[in-house]
Amino acid sequence: MKKKSIKDIDLKGKTVFVRVDFNVPIKDGKIEDDTRIRGALPTIKYAIEQGAKVVLASHLGRPLKDKKKAEEKGTPYDSAKYTLRPVAERLSELLESEVGFEGADIASQIATLAPGGILMRENLRFHPGEEKNDAEFAKNLAEGIDVYVNDAFGTAHRAHASTEGITHFVDTCVAGLLMEKELEFLGKALNDPERPFVAILGGAKVSDKIPVIESLIKRKVDKLLIGGAMAYTFFKAQGYTVGKSLVEDEMMPKALEIEAQAKAAGVELLLPTDHQVVDSYDPLNSRKAIQIEFTNAGLVGLDIGPDTAATFAKALEGSKTIVWNGPMGMFEEKPFDEGTIAIANAVAEATDNGATSIVGGGDSVAAVNQAGLADRISHISTGGGATLEFLAGDTLPGVAALDDK
Ligand code: AMP
């Protein structure tokens, strides 16, 4: 079902609550990466241009969890780490206009906003009611609000007060421009992909990705490429020695089941044929690429090998839809990022040649950015878990709560 967007409604003079994702990395009060703030600019600018009064709200990290941990351990807890104040300042610079910030009386701040004015609420997760989706807190958030806009796809898989609860207290609930773009690209890949459709999955745990793998097989993706540590569960289940590579033993039967499902559905499932390994006794000096079947008990696999990178790149040639989530190896540790960067290049090349590509998940998106390939990818999804849940065919509470078109 298509969702109403901010473009479908009249905003003039309305007080609009925009749930944004300003969960940005901040160190010593300085923002290290403002991509998410920039990502919200189109929706904010649009709302202002239409004469709306804008109230922005986001979470930042997990302050209450941190506080609880600190109390348990008897270590100090610093709430200042979690304030959104630096984000309001950066936003103000980017917009070249003033952005107000939540003070002691937010209700009157909202009531006195002028058309075109912007007010940012403090970190929603300072309130226990946010993650609990507490109705009283949600009602509070809705006070004085005429229109609710959700532009935070990355948290739409959580039913929290600002993503779901609030929608019960506001009459008009719509998608922001960023959310609309996510739903468009991911919705098309899920329901009506141009073929051949190739999915690439990686990362540490196969258990996290089972629903999305099964959904992709059911929807008859043409090829499914699996890399990263999650491939070792498949190899061990097939009887290979995987040494000290990461494996989820309890998932081995599921891995075999997935292979059978893929075969029955006519989905080509590609696993790595070679990998970069290190000797667990001398990890710094022993990196080498070997075929999977030559792995012995003392080795750890940390990345796909060059043969696999070439095979996966070839599998992407001629594709019309590509979905990629998860790194091909221990991406954070150079040179074990090489396999992931090779895939990022192959996805960009396939996109140049006519594929629609969607990349989601922190590491894969970081790989694309590091390699300077972001503008050669059709859609960089702002969701990690939300993207996977959407592609698994699950209903995201934060999306379901929006008005249908
Ligand atoms: P996930 O959260 O499941 O997407 O997994 C991401 C993590 O998987 C990253 O931190 C990678 O370092 C890790 N990873 C991927 N492949 C490997 C591997 N072969 N060995 C160890 N860690 C890996």
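Bear in mind that the values here come from a model prediction, so they are computed numbers and not experimental data. (Residues numbered from 1 in each chain as written. Predicted model: local features only at pLDDT ≥ 70, side-chain atom pairs only at ≥ 80, totals over all residues. Heavy atoms only, no water.)

A. Up close: the overall build of the chain. A tally of regular secondary structure across the chain gives 15 helices and 17 strands. For a compact globule of 405 residues, the expected C-alpha radius of gyration is about 22 Å, and the chain comes in at 23 Å, within 12% of that figure. When the backbone C-alpha atoms are referred to their principal axes, the chain occupies close to 70 × 50 × 35 Å. A burial count over the chain gives 52% of its 405 residues as buried. When contacts within the chain are restricted to residue pairs at least 6 apart in sequence, those whose partners lie at least 24 apart make up 73%. Here the chain has roughly 18,000 Å² of accessible surface; of this, 49% comes from carbon and sulfur atoms. (Helix = DSSP H or I, 4+ residues; strand = E, 2+ residues; numbered from the N terminus. Rg over C-alpha atoms; globule rule 2.2 N^0.38 Å. Buried < 20%, exposed > 50% of the residue type's maximum accessible area, 1.4 Å probe, protein only. Contact = heavy atoms within 4.5 Å. Areas by Shrake-Rupley, 256 points an atom, 1.4 Å probe, with all protein chains shown as cover.)

B. The arrangement of the site of the ligand in detail. Taken together, 16 residues are adjacent to the ligand, and Ala 204, Lys 209, Ala 229, Gly 301 and Glu 332 come closest. The contact in question runs from a nitrogen atom of the ligand to an N or O atom on the backbone of Ala 229, over 3.0 Å. A distance of 2.4 Å is found between an oxygen atom of the ligand and a side-chain nitrogen or oxygen belonging to Glu 332. If the ligand stood free it would expose 500 Å²; the protein chains cover 78% of that surface. Looking at side-chain class alone, the shell around the ligand contains 8 nonpolar, 4 polar and 4 charged residues. (Near = heavy atom within 4 Å. Polar contact = N/O pair within 3.5 Å; in protein donor to acceptor, adjacent residues only side chain to side chain. Nonpolar A, V, L, I, M, F, W, Y, C, P; charged D, E, K, R; others polar.)

C. Structural view of the pattern of salt bridges. On inspection of all chains with the given rule, the structure shows 20 salt bridges. The salt bridge involving Lys 405 is made with Asp 8; its shortest N-O contact spans 3.6 Å. With Lys 405 in the segment after helix 15 (397-400) and Asp 8 in the segment before strand 1 (15-19), this residue pair connects regions lying 397 residues apart in the sequence. Take Lys 405: its relative accessible area is 55%, and that puts it in the exposed class. Between Lys 188 and Asp 192 there is a salt bridge, with the nearest N and O atoms lying 3.5 Å from each other. Under the relative-accessibility criterion, Lys 188 is labelled partly exposed at 41%. In this structure Asp 192 comes out as partly exposed when scored by relative accessible area, which is 48%. Ionic contacts of the salt-bridge type, sharing partners, join the residues Asp 34, Arg 38, Arg 90 and Glu 93 into one network. (Salt bridge = Lys/Arg side-chain N within 4 Å of Asp/Glu carboxyl O.)

D. Focus on helix 6 (residues 135-142). Phe 137, Ala 138, Leu 141 and Ala 142 are the residues of helix 6 that are buried. Seen from one end, helix 6 has its buried residues packed into an arc of 140°, which puts them on one side. The inward-facing, buried residues of helix 6 abut strand 1 and helix 5 (128-132). The N-cap residue of helix 6 is Asp 134: its side-chain oxygen and the backbone nitrogen of Glu 136 are 3.3 Å apart. Directly after helix 6, the chain includes Gly 144, whose backbone phi takes a positive value near 80°. (Arc of directions from axis to C-beta.)

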